[in-house]
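# Structural description and commentary
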Amino acid sequence: MSVTATTHPVACTIQEQVGHRAFVMMGAKNLMAGKDSLQWKVGRNTKSVTHVTVRLDPSDTYTVTFQRVTRRGLSVKLIAEVPMVYADCLHDVIETETGLYLSL
């Protein structure tokens, strides 16, 4: 469950900033790296979020997007989009929007 730093350095940095333990605690799977983003599927949660995307902005902050995707991918609903998130606030934003705890 890791992204290679040689092909996707931004996605690798995002993965390191969120942390391996946080990915395990939210039941993350299907990590997909983009040129300037990282997306993954999360486990069941109270807010019905199925996918989280963290995208690097030109201001060196992140925009975190929370979506609900149906099983067959027929519909995608935007649950929340949080702009201007600093790296040290990623855990708090993900916890608030998914209802999942990322640390013990």
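Please refer to the structure placed before this passage.
These lines cover the structure that appears in this document, whether it is placed above or below.

How each quantity is defined
Chains are numbered independently. Their residues run from 1 in the order of the written sequence. The predicted origin of the model limits local features to residues at a pLDDT of at least 70 and limits the giving and counting of side-chain atom pairs to 80 or more, whereas totals for whole chains, interfaces and linings rest on all residues. Side-chain numbers come from the whole structure's heavy atoms, not from hydrogens or water. Starting at the N terminus, helices and strands are each numbered in turn, a helix being any DSSP run of H or I of at least four residues and a strand any DSSP run of E of at least two. The definition of a polar contact used here is a pair of N or O atoms within 3.5 Å, where within protein one atom must be able to donate a hydrogen and the other to accept one, and adjacent residues in sequence count solely through side-chain atom pairs. Patch rule: a residue counts if its relative accessible area is over 30% and it has no salt bridge; like charges are joined within 9 Å, and nonpolar side chains (Val, Leu, Ile, Met, Phe, Trp, Tyr) within 5 Å. Note on areas: Shrake-Rupley, 1.4 Å probe, and residue coverage restricted to the protein chains presented here. When a carboxyl oxygen of Asp or Glu is within 4 Å of a side-chain nitrogen of Lys or Arg, the pair counts as a salt bridge. Positive charges come from Lys and Arg, negative ones from Asp and Glu, while His and the chain ends are left out of the count. Here the site of a charge means atom NZ of a Lys, CZ of an Arg, CG of an Asp or CD of a Glu. When a residue's accessible area, from a 1.4 Å probe over protein chains only, is under 20% of the maximum for its type it is buried; when over 50% it is exposed; and in between it is partly exposed. Contact definition: two residues touch when any of their heavy atoms are within 4.5 Å. Here, any two strands with at least 2 DSSP bridges between them count as paired. What counts as an axis is a line fitted to C-alpha atoms, over the stretch in contact for a helix, and the angles between N-to-C directions run from 0 to 180 degrees.

## Things to note about the side chain of Thr65
Examined against the element boundaries, Thr65 turns out to sit in strand S4 (residues 62-69). Here Glu81 takes part through its side chain, which lies 3.4 Å from a polar atom of the side chain of Thr65.

## Focus on a positive patch on the surface
A contiguous patch of positive charge on the surface is contributed by Lys29, Lys41, Arg44, Arg71 and Arg72. Within the secondary structure layout, Arg44 lies in the loop between strand S2 (37-41) and strand S3 (51-56).

## So, the environment of Arg68
Within the secondary structure, Arg68 sits in strand S4. Residue classification places Arg68 among the partly exposed positions, given a relative accessible area of 31%. When the C-alpha positions of Arg68 and Asp36 are compared, they lie 21 Å apart, and in sequence the two are 32 residues distant. Excluding its chain neighbours within four sequence positions, the residues that come into contact with Arg68 are Lys47, Ser48, Thr50, Ser75, Val76, Lys77 and Ile79. Here Ser48 takes part through its backbone oxygen, which lies 3.2 Å from a polar atom of the side chain of Arg68.

## Observations concerning the pairing of S4
Burial within S4 is extensive, with 6 of its 8 residues counted as buried. Linkage of S3 to S4, two consecutive antiparallel strands, is achieved through a turn of 5 residues, within which Asp60 is found at a positive phi near 65°. Note: S4 against strand S5 (residues 76-85), 7 bridges, orientation antiparallel. Counterpart to Gln67 in the pairing with S5 is Leu78.

## Notes on the sheet that holds S4
The sheet built from 5 strands is open, its strands ordered S1-S2-S3-S4-S5 with antiparallel pairing. In this open sheet, the two edge strands, each paired with only one partner strand, are strand S1 (29-33) and S5. Between one strand axis and the next, the sheet turns through 15° on average, direction left out of account. The pairing of S2 with S3 spans 5 bridges and is classified as antiparallel. Within S3, the residue paired with Leu38 across the bridge is Val54. Each of S1, S2, S3 and S4 is contacted by helix H1 (residues 9-18), which is oriented at about 55° to S2, the strand it contacts most. Packing of helix H3 (residues 90-98) onto the sheet brings it into contact with S2, S3, S4 and S5, and relative to S4 it is tilted by some 25°.

## Some remarks on the pairing of S2
When you tally the buried positions in S2, you get 4 out of 5 residues, the bulk of the element. Summarising the sheet, S1 and S2 pair through 3 bridges and their orientation is antiparallel. Each bridged residue has a counterpart across the sheet, and for Ala33 the counterpart in S2 is Leu38. Taking the residues between adjacent antiparallel strands as the criterion, S1 and S2 are bridged by 3 residues.

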